[in-house]
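A look at the structure
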Amino acid sequence: MSQPPCSVLSDATIMRMVAAGRIKLDPWDEDMVQPASVDLRLGGSFRVFSNHRITAIDLREPPTELTEQVVPPDGEPFVIHPGEFCLGRTLEHVELPDDIVARIEGKSSLGRLGLIVHATAGFCDPGWKGTLTLELNNLTRVPIKLYPGLPIAQLSFMTLDAPAQRPYGHKELGSHYQGQVEATESRYGVTQTT
């Protein structure tokens, strides 16, 4: 028996699934819908690396508390300096059903200004619930001012050939970031207990 092809969801399908409550984006703004994605806005908290605390990141013994949270005052920008890497988050809280995955990508216009929004973590598993952590990097030689609420990325959605048997958050998976609301530092090597 052949499976239906997996496909990227169109604007009409995204709006229909949001209206039916299958995909949840909060806050929801229909004006953010693009032909095959939804624009996401920058949230109001960031995590910056505290380089003075360690001499190296050892992946056999990953450090904890490697970052500090920064929340700019209302209306003030967060400045990301040349070559700097920090974590941000989306304003939108995203919830996916067990048969939909999503990919977060940078906006082309921001990429052309030298701003990268994700290094590797662009995939959202079925069952995901929470804001999305952004891996922000300034590739230019000049500082970039980031303002919470501005469009920062886009999220596209794809159907699975069948619902996931163990969606993200399943008790057997050790899903480290389920339900996050702030930019969340790496939990690499952390054992999840249920």
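See the structure above.
My aim in this report is to walk through the structure given alongside it, one point at a time. Note on numbering: residues in each chain are counted from 1, in written sequence order. Note on the predicted model: pLDDT of at least 70 is required for a residue's local features to be given, and 80 or more for side-chain atom pairs to be given and counted; whole-chain, interface and lining totals, by contrast, use all residues. Heavy atoms from the whole structure form the basis of all side-chain values; hydrogens and water molecules are not counted.

A count of helices and strands for the chain gives two helices and 13 strands. Partly exposed residues are those whose accessible area sits between 20% and 50% of the maximum for their type, while under 20% is buried and over 50% is exposed, using a 1.4 Å probe and protein chains only. Counting over 194 residues, the chain shows a buried share of 37%. Segments assigned H or I by DSSP are reported as helices when at least four residues long, segments assigned E as strands when at least two residues long, and all are numbered from the N terminus.

Buried residues of nine kinds, namely Ala, Val, Leu, Ile, Met, Phe, Trp, Tyr and Cys, make up a nonpolar core once their side-chain atoms join them within 4.5 Å. Ranked by size, the top nonpolar core spans 35 residues in total, and within it Leu146, Ile152, Leu155 and Phe157 carry the most contacts. Ranked by the residues each element gives to this core, the list is headed by strand E13 (residues 151–159), at four residues. Every residue in contact with leucine 146, bar those within four places of it in the chain, is listed here: Leu42, Phe46, Pro77, Phe78, Ile80, Leu115, Leu136 and Ile152. Here a residue-residue contact requires only that any non-hydrogen atoms of the pair lie within 4.5 Å.

A separate point is the pattern of salt bridges. Any Lys or Arg side-chain nitrogen found within 4 Å of a carboxyl oxygen on Asp or Glu counts as a salt bridge. Enumeration over the complete set of coordinates arrives at six salt bridges. The residue lysine 24 makes a salt bridge to glutamate 95 at a minimum N-O spacing of 4.0 Å. With lysine 24 in strand E1 (residues 24–26) and glutamate 95 in strand E7 (residues 85–95), this residue pair connects regions lying 71 residues apart in the sequence. The exposure class assigned to glutamate 95 is partly exposed, which follows from its relative accessible area of 22%. The partner of arginine 41 in a salt bridge is glutamate 92, and the shortest N-O contact between them spans 2.6 Å. Within this pair, whereas arginine 41 is found in strand E3 (residues 37–41), its partner glutamate 92 is found in strand E7, the two being separated by 51 residues in sequence.

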